[in-house]
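Residues per chain are reported as follows:
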Amino acid sequence: MRLYNTMTRKIDPVETAHPKIARIYACGPTVYRDAHVGNMRTFLVTDLIARTLRHQGFRTTVVQNITDVGHMADDTGLGEAQLDSAPQDKMLAESEKTGQSALEIAQRFEHRFHHDLAQLNIYPADHYPKASESIDSMLDLIRKLIDSGNAYVGIDNSVYFSAESFPSYGALSGNKLDALRPGHKFDPDENESAKRFHADWALWKSAGDTRTQLTWETPWGRGFPGWHTECSAMSMDLLGESIDIHTGGIDLRFPHHEDERAQSNSASSGDHEVVRHWVHAEHLLFESRKMSKSSGNVVLVQDIIDRGYDPLVIRLAFLQHRYRSQMNLTWEVLASSQELLDRWRRKVNVWSQSASQAMDQGLIAEISGHFAEDLNTPMAINALRILEKSPQISDGSKFEMFSYLDSLFGLDLTREVGHNLNSLSEIPPDVSQLLEQRNAARSSRDWALSDQLRDQIAERGFTVVDTSEGTQLETTKT
Ligand code: AMP
Ligand code: ZN
């Protein structure tokens with residue numbers, strides 16, 4: 001498999017530390033709210049990588065952390081100048097707002113996060129470490145970094161990483177130290193005067209007098225972890241000092257992953273990159289707007305289900321766009337993806353009734369090859385459309401190929417198999433509506449409109465049959 005590597009800025013072959021074993025770490029959700037569909041697009045990338053590698057005979061171990069402490073409301077390092085109020089731990093801010101404990105909030109949203117993943121056929125990770133349960137590993141990591149001279153205890157009893165102790169700082173994101181000006185990150189829990197250098201960051205933050213929840217006793221006093229510390233500790237704890245692939249959204253490239261790289265490389269033995277391949281997913285827009293709580297433009301998986309869509313329509317819509325390009329999800333895209341998914345499932349049902357025939361191995365290699373080439377899922381979807389329409393390939397073979405390839409696409413393409421082809425419950429509401437309109441057009445002898453509606457119904461995979469007893473719908477057989 002080949003994937004774009006943020007570190008080398010090119011598409012590199014995935015070279016795992018051990019043959020046919022892939023260790024993957026995915027930055028997970030901060031569980032103070034529901035994950036939105038943008039988050040899900042990023043989480044899907046990890047699933048697609050793992051599915052592709054398993055298809056190639058790899059054994060995969062996937063770890064995805066649950067951030068339930070330490071992620072500040074502005075940890076991006078980008079928009080702090082525009083902030084009106086001081087950033088705060090996202091978990092604690094929600095706790096203050098709702099009166100519930102941070103733990104209760106975390107449990108509720110973690111549960112919902114797993115449910116959302118399942119709705120999108122994203123395989124569960126092998127491990128979901130929680131930051132609040134990994135404090136010992138973080139303290140071990142911090143101790144190591146102090147011993148190696150990469151970290152120091154500040155006068156405020158916070159522990160800081162010394163950016164200058166890591167000469168290749170900036171290699172991942174391009175934000176080199178000499179270009180970073182003082183104040184490029186603002187964090188109220190970090191005392192600028194306690195830092196030796198402005199680009200240093202807190203590995204461990206002193207709790208002070210006001211913070212009452214989510215603090216731990218340490219040799220340096222009571223405090224809580226910095227967000228970047230969590231991912232270094234949890235990833236190396238569960239995957240060791242060689243992580244084959246690390247994924248996350250593009251906003252995590254800096255400072256989260258830049259800092260994580262500095263910490264992990266400095267704490268590991270020997271002189272090697274802990275993460276061999278960095279993969280970043282581009283952001284999702286919804287109806288051309290950035291998805292953010294403050295702008296009120298947040299769409300959840302459940303919102304899409306509530307509008308009558310199958311949640312796997314979201315997955316299909318994502319697959320039609322390359323993960324490395326920004327994507328604009330719209331209700332129109334969802335509607336056309338629903339049509340395509342319905343049509344494929346109906347056809348797979350029809351094809352399942354033909355005798356099984358051998359798969360076209362050339363086509364299988366071509367389609368799985370698209371996944372393996374930096375997740376070129378739009379090409380894979382196109383190839384599936386061509387296969388669907390191909391007159392050379394028998395129905396029995398199409399059935400086998402769609403079923404087999406679904407281990408990569410994850411769209412439940414065989415879901416309709418065994419369902420009664422003509423049962424009315426299988427006819428989607430919009431098709432019934434079109435049929436009603438056509439019946440009305442025929443009654444008023446508007447043949448042109450009636451023909452036009454017949455074509456629209458055919459587009460949706462149904463054939464209109466006019467009999468002496470009335471009009472019937474049949475699934476279109478190709
Ligand atoms: P969070 O729960 O905010 O920590 O984000 C979880 C993951 O979703 C991270 O990998 C983010 O980079 C990613 N992410 C956040 N916003 C978007 C978006 N609009 N589109 C795609 N991924 C996103
Ligand atoms: Zn992370």
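The numbers attached to residues start from 1 for each chain and follow its sequence in the written order. To label them, take the chains in the order written and letter them from A, then take the ligands in the order written and number them from 1. The model is predicted, so local features are restricted to residues of pLDDT at least 70 and side-chain atom pairs to those at 80 or more, both for listing and for counting; the totals for chains, interfaces and linings are taken over all residues. No hydrogens and no water enter the side-chain calculation; it runs on all heavy atoms of the structure.

Undergrad: Explain the sheet that holds strand 13 (residues 327-329) to me, and be specific about the residues and the numbers.
TA: Strand pairing within a sheet occurs via backbone hydrogen bonds; the two strands may be parallel or antiparallel. Strand pairing follows a simple DSSP-based rule, namely that at least 2 bridges must link the two strands. Counting from the N terminus, the helices are the DSSP runs of H or I reaching at least four residues and the strands are the DSSP runs of E reaching at least two. The 3 strands are arranged 12-11-13 in an open sheet whose pairing can be described as mixed. The strands lining the two open edges of the sheet, one partner per strand, are strand 12 (289-290) and strand 13. Alignment of strand 11 (residues 284-286) against strand 13, held across 3 bridges, turns out to be parallel. Within strand 13, the residue paired with Leu284 across the bridge is Met327. Throughout, a contact is declared for two residues whenever any of their heavy atoms are within 4.5 Å. Angular values range over 0 to 180 degrees, each being the angle between N-to-C directions of two axes fitted as lines to C-alpha atoms, with helices fitted over their stretch in contact. Running at roughly 150° to strand 11, helix 1 (residues 37-55) makes contact with strand 11 and strand 13 of the sheet.

Undergrad: How would you summarise the sheet that holds strand 10 (residues 278-281) if you had to cite specific residues and measurements?
TA: Spatial strand order, 4-3-9-10: 4 strands in an open sheet with parallel pairing. Looking at the sheet topology across the chains shown, the edges are occupied by strand 4 (59-64) and strand 10. Each strand of the sheet is rotated relative to its neighbour by a mean of 20°, with strand direction disregarded. Examined bridge by bridge, strand 3 (residues 21-26) and strand 4 share 6 bridges and lie parallel to one another.

Undergrad: I'd like a description of the coordination of the zinc ion (ligand 2), backed by residues and values.
TA: For the zinc ion (ligand 2), every protein donor is listed as Cys27 (SG), Cys231 (SG) and His256 (NE2), and the spread of their distances is 2.1 to 2.2 Å. Take Cys27: its relative accessible area is 6%, and that puts it in the buried class. Buried means the residue's accessible area, taken with a 1.4 Å probe over protein chains only, is under 20% of the maximum for its type, while exposed means over 50%, and partly exposed covers the values in between. Owing to a relative accessible area of 1%, Cys231 belongs among the buried residues under this scheme. Each metal's donors comprise the N, O and S atoms found within 2.8 Å of it (within 3.2 Å for Na, K or Ca). Water is not part of the atom list, so some coordination spheres may appear incomplete.

Undergrad: A description of the site of ligand 1 should follow, citing residues and the corresponding values.
TA: If even one non-hydrogen atom of a residue comes within 4 Å of a molecule or strand, that residue is called near it. Around ligand 1 lies a shell of 17 residues, among which Gly38, Asn39, Thr42, Asp251 and Leu284 are the nearest. The definition of a polar contact used here is a pair of N or O atoms within 3.5 Å, where within protein one atom must be able to donate a hydrogen and the other to accept one, and adjacent residues in sequence count solely through side-chain atom pairs. The side chain of Thr42 places a nitrogen or oxygen atom 2.6 Å from a nitrogen atom of ligand 1. Between ligand 1 and the protein, one listed contact pairs an oxygen atom with a backbone N or O atom of Gly249 at 2.9 Å. Areas reported here follow the Shrake-Rupley algorithm with a probe of radius 1.4 Å; residue values treat only the protein chains shown as occluding. Notes on ligand 1: free accessible area 490 Å², of which the protein chains cover 93%.

Undergrad: A description of the environment of Glu133 should follow, citing residues and the corresponding values.
TA: Assignment of secondary structure puts Glu133 in the loop between helix 3 (102-119) and helix 4 (135-147). The sequence separation of Glu133 and Met234 amounts to 101 residues, and the corresponding C-alpha distance is 9.8 Å.

Undergrad: Explain empty space enclosed by the protein to me, using residue names and the numbers behind them.
TA: For each structure, a 1 Å grid was placed over the protein atoms alone; sets of points admitting a 1.4 Å probe that cannot get out are labelled cavities, open sets with protein on both sides within 12 Å along at least five of seven lines are labelled pockets, and lining residues have an atom within 4 Å of a point. Grid points are joined across faces, edges and corners, and a volume is the space filled by probe spheres set on the points. Following the criterion strictly, the structure yields 2 cavities of 30 Å³ or more and no others. For the second largest cavity, the calculated volume is near 70 Å³. Surrounding the second largest cavity, Arg41, Leu44, Val45, Leu48, Phe318, Leu319, His321, Arg322, Tyr323, Leu375 and Thr377 form its lining. For the lining of the second largest cavity, the elements supplying multiple residues, two or more each, are helix 1 and helix 8 (312-319). Of the residues assigned to the lining of the second largest cavity, the class counts are 7 nonpolar, 2 polar and 2 charged. Shared between two domains, the lining of the second largest cavity holds at least three residues of each, these being domain 1 (2-281) and domain 2 (286-409). Here the term charged refers only to Asp, Glu, Lys and Arg, the term nonpolar to Ala, Val, Leu, Ile, Met, Phe, Trp, Tyr, Cys and Pro, and the term polar to all other amino acids, Gly among them. Where each domain starts and ends follows an automatic or database-derived domain assignment.

Undergrad: Any chance you could break down the pattern of salt bridges for me, citing the residues and the numbers?
TA: In what follows, salt bridge is the name for a side-chain nitrogen of Lys or Arg lying within 4 Å of a carboxyl oxygen of Asp or Glu. All chains considered together, the criterion is met by 23 salt bridges. Residues Arg211 and Asp89 are paired through a salt bridge, measuring 3.2 Å at the closest nitrogen-oxygen approach. Note that Arg211 is positioned in the loop between strand 7 (201-206) and strand 8 (223-225) and Asp89 in the loop between strand 4 and helix 2 (90-98), a separation of 122 residues in sequence. The residues Arg211 and Asp89 share a single accessibility class, namely buried.

Undergrad: Describe the packing of helix 11 (residues 377-389) against helix 12 (residues 395-409), with residues and values.
TA: Relative to each other, helix 11 and helix 12 sit at 165°, their axes nearing to 11 Å. Here helix 11 lies roughly antiparallel to helix 12, going by the angle between them. For the element pair helix 11 and helix 12, the recorded crossing hand is left-handed. Contact residues: Ala380, Ile381, Leu384, Leu387, Glu388 and Lys389 in helix 11; Lys398, Met401, Phe402, Leu405 and Phe409 in helix 12. Any angle between 65 and 115 degrees counts as roughly perpendicular, while under 35 counts as roughly parallel, over 145 as roughly antiparallel, and the rest as oblique. In this scheme the handedness of a crossing depends on how the near helix is turned from the far one: anticlockwise by less than a right angle means left-handed, clockwise means right-handed.

Undergrad: Can you tell me about the pairing of strand 9 (residues 245-249), naming the residues and giving the values?
TA: The buried count for strand 9 comes to 5 of 5 residues, which makes it a mostly enclosed element. Relative to strand 9, strand 3 is paired through 3 bridges, and the arrangement is parallel. Directly across from Ile24, in strand 9, lies its bridge partner Ile245. By the bridge criterion, 4 bridges tie strand 9 to strand 10 in an arrangement that is parallel. Across the sheet, Gly248 pairs through a bridge with His280, a residue of strand 10. With its strands directed away from the observer, a crossover is right-handed exactly when the path from the first strand over the helix to the second travels clockwise. For the crossover that starts at strand 9, traverses helix 6 (residues 253-267) and ends in the parallel strand 10, the hand is right-handed.

Undergrad: Lay out the side chain of His277 in plain terms, naming residues and giving numbers.
TA: Note that His277 resides in the loop between helix 6 and strand 10. Engagement of the side chain of His277 in a polar contact is seen with the backbone oxygen of Leu3, the distance being 2.8 Å. Dropping the residues within four chain positions of it, His277 is found in contact with Leu3, Tyr4, Asn5, Asp12, Pro13, Val14, Asp244, Ile245 and His246.

Undergrad: I'd like to hear about helix 3, residue by residue, with values.
TA: Helix span, expected: 1.5 Å multiplied by one less than the number of residues in the helix. In this model, helix 3 (18 residues) spans 26 Å end to end at C-alpha, consistent with the 26 Å of a helix rising 1.5 Å per residue. Restricting attention to buried positions, one finds in helix 3 the residues Ala102, Ile105, Ala106, Phe109, Glu110, Phe113, Asp116 and Leu117. The buried side chains of helix 3 occupy one side of the element, clustering within an arc of 125° when seen end-on. Taken together, the buried residues of helix 3 touch helix 1, strand 4, helix 2 and helix 7 (301-306). Here, the arc refers to the directions that run from the helix axis to the C-beta atoms.

Undergrad: Can you lay out the nonpolar core for me, pointing to particular residues and giving the numbers?
TA: Membership of the largest hydrophobic core comes to 120 residues, with the highest contact counts inside it found for Val37, Ile49, Leu329 and Phe409. At 9 residues, the largest contribution of residues to this core is made by helix 1. Domain assignment of the residues forming this core places at least three in each of domain 1 (2-281) and domain 2 (286-409). Excluding anything up to four places from it in sequence, Ile49 contacts Met1, Leu3, Ile24, Ile245, Thr247, Val279 and Leu375. Ranked by size, the runner-up nonpolar core spans 10 residues in total, among them Val431, Leu434, Leu435 and Val464. Definition of nonpolar core: a set of buried residues of the types Ala, Val, Leu, Ile, Met, Phe, Trp, Tyr and Cys, connected through side-chain atoms within 4.5 Å.

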